[in-house]
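# Coordinate analysis (summary)
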Amino acid sequence: MSLAVKKEQSEQDVRFSVVEEPMPAIELLSTEKIYSNGTRALLPVDLKVKQGEFVTLLGPSGCGKSTLLKMVAGLEAPSDGRLLLWRKPVDKLASQNRSLSFVFQEASLMVWTTVRKNVRLALELEGVKGEEAEKRVDQALELVGLSKFADALPKELSGGMQMRVSIARGLVVNPDLLLMDEPFGALDEITRFKLDSELLDLWRKNGLTVVFVTHSIHEAVFLSQRVVVMAARPGRIIDEVKIDEPFPRSEDFRLTAKFSEYSMTLHRLLSKASVEEDL
Amino acid sequence: MSTAVKDGAFPLMKHEKFRKIAFPTLVTLVLLTVWQLTVEMAQIPEYILPSPIRTLEAMWEDWGLLGPSLLYTLKITALSFLLAIAIGVIVAFFFVQSRFIESAFFPYAVLLQVTPIVAIAPLIIIWVNNTTLALVVCSTLVAVFPIISNTTLGLRSVSPNLLSYFKLRNASRVQVLLRLRIPSSMPYFFAALKIACGLSLVGAVVAEFVAGTGGANTGLAYQILQAGYQLNIPRMFAALTLISWTGVVLFVAMSMLTKVFIGHWHESEVH
């Protein structure tokens, strides 16, 4: 599926979302995770993410947000409950001609080879070769603004640029679902703001469904349509907040009273949970 | 002001590359000169401590003996080094297949490593008829362990995130091995080569000491033993010097190989 087609679809999704309920991309039904040593990483949770939605999982460390994301990716198996992607089990994703990409907290690139080959790897593992692969790699690098650095080694790039390579590597396979585990956590605030905005552009252009994990309240408010608030010990979902602000969102959104209000609400929810935890 | 004058006087000293060579060379020359002068002035007899010049003379005079011995030692070293690499890498690949295999067999690798080669060399020389082969076996036993342990560690030292990434993209075991594990292990493997090249030389010399062979095929260790019996200390020094040089050349060769293969990306090689 080409990017242009996807773009059209995403616009349609947005237009009709009021009338028609879009297909759920992710459904968790009493999904829980208990590790073999007895640690309860995540109490049974219910969560639905619509196709084309941008959802953020917000919570302190140990709230199970990364665990939840890894279960969605199929990197970890739930101990109980159900987890469906497009109404099918996680391992049936490929047979539906759909794919997901996972962006890690660190760029996690192959340091021994160039940016181009890092991005190309995803395609080569799928058996896409030659000019077709080359074209798609160029496209993906252009999307993240790194065309000029295709032949650089990861260590020659800044942290923010390495993260962009990681995102390009995720996008080059034209995923339907993009899972991001605190991808900008290690970056300075200015770079982070910039990448937040770029990510929103990519999401809108490509009709992606994004689940974004963060512990930053501000990042959650700025990015998402919906924030899922989580608490720790044991990890669980405590609330959900809809961020009712149209897209595209400019940097100015961060300065509005509405933004502060949302931030306050989320802050209160998080601190209430942590106070209860201390009792 | 004074540094400016200095720089003006020795413009070459501004070049870092030149300094990198100049300083070690200077120190070596000073040490050799001190050695030479001490021997001359204190009139130390050459059967106690030959001077550097006397050592070089002995090397020249006895080249007929030392040359072939050097070649023989080199042959043992090279053969055992290559054998150690081949065995070490194969065993490492075998080990990373599963933790069970590794935990079952790693103790034997350690056992071989901690048993002093001088203690088992006589056995090997009895078991293996061909002297050259016996020496190669001994020397390989000494050199193989760092390659096994480093390569195993390297093949396992894969970024967990990258491994997850390969899993998510449904990469096969072979793809993970070729595209992820082997490149990740390269720094460890080359570090092992640097250790193992020296060890195979040490192994070759030690094994020959134990074998104490005579006849046509004799290495530098035999020359050292013979020179010791004859109190021909200059020749002993000449043979020792050849062994040291061989070790240094091997090490430099391995360092250069490391630079060629991983110099462009690995931290240890970037200055």
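Residues numbered from 1 in each chain as written. Chains lettered and ligands numbered in written order. Predicted model: local features only at pLDDT ≥ 70, side-chain atom pairs only at ≥ 80, totals over all residues.

### With respect to the interface of chain A and chain B
With 15 residues of chain A at the contact, the number on the chain B side is 14 residues. Looking at the side of chain A that touches chain B, the element that brings in the most residues is helix α3 (residues 115–126) of chain A, giving 4 residues. A breakdown of the residues in the side of chain A that touches chain B according to their chemical character gives 11 nonpolar, 1 polar and 3 charged. (Contact = placed C-beta atoms within 7 Å. Helix = DSSP H or I, 4+ residues; strand = E, 2+ residues; numbered from the N terminus. Nonpolar A, V, L, I, M, F, W, Y, C, P; charged D, E, K, R; others polar.)

### A look at the pairing of strand β3 (residues 54–58) of chain A
Residue and element names in this part refer to chain A. Within β3, 5 of the 5 residues are buried, which leaves it mostly tucked inside the rest of the structure. Across the two faces of β3 the burial is the same, with Phe54, Thr56 and Leu58 and Val55 and Leu57 all buried. Bridging between β3 and strand β8 (residues 209–214) involves 5 bridges; their strand directions are parallel. Paired with leucine 58 across the two strands is threonine 214, which belongs to β8. Note that β3 and strand β9 (residues 226–231) share 4 bridges and pair parallel. Along β9, the bridge assignment pairs valine 55 with arginine 226. (Buried ≥ 20, exposed ≤ 12 C-beta atoms within 10 Å, placed from the backbone. Pairing = 2+ DSSP bridges.)

### Considering the sheet that holds strand β2 (residues 40–50) of chain A
All names here are of chain A. Strand order across the open sheet formed by 4 strands is β2-β1-β4-β5, with antiparallel pairing between neighbours. Both outer strands of the open sheet, β2 and β5 (88–89), are each paired with one neighbouring strand and no more. Two strands pair when backbone bridges link them, and strand β4 (residues 80–85) and β5 are joined in this way by 2 bridges, in the antiparallel orientation. Paired with leucine 85 across the two strands is lysine 88, which belongs to β5. Most of the contacts of helix α2 (residues 65–73) go to strand β1 (residues 24–34), to which it runs at about 120°, and overall it touches β1, β2 and β4. (Axes fitted to C-alpha atoms, helices over the stretch in contact; angles between N-to-C directions.)

### Re the domain arrangement of chain B
The domain architecture assigned to chain B consists of domain 1 (2–41) and domain 2 (52–269). For domain 1 of chain B versus domain 2 of chain B, the distance between C-alpha centres works out to 34 Å. (Domains from an automatic or database assignment.)

### A short note on unusual backbone geometry
Residue and element names in this part refer to chain A. The omega angle of the peptide bond from arginine 233 to proline 234 is -10°, so this bond is cis rather than trans. Secondary-structure assignment places proline 234 in the loop between β9 and β10 (236–242). Residue asparagine 97 is not a glycine yet carries a positive backbone phi of 65°. Position of asparagine 97 relative to the elements: it lies in the loop between β5 and β6 (100–103).

### Looking at the confidence of the model for chain A
Regions with low pLDDT should not have their predicted coordinates read in detail. Residues and elements named next belong to chain A. Chain-level pLDDT for chain A is 87 on average; 91% of the residues reach the 70-or-more range. Within chain A, helix α1 (residues 3–16) has the poorest average pLDDT of any element, 50, and β3 the best, 95. This stretch, residues 1–5, has a pLDDT under 50; its non-local contacts, to residues over four places away or in other chains, come to 3 contacts. (pLDDT = per-residue confidence, 0-100.)

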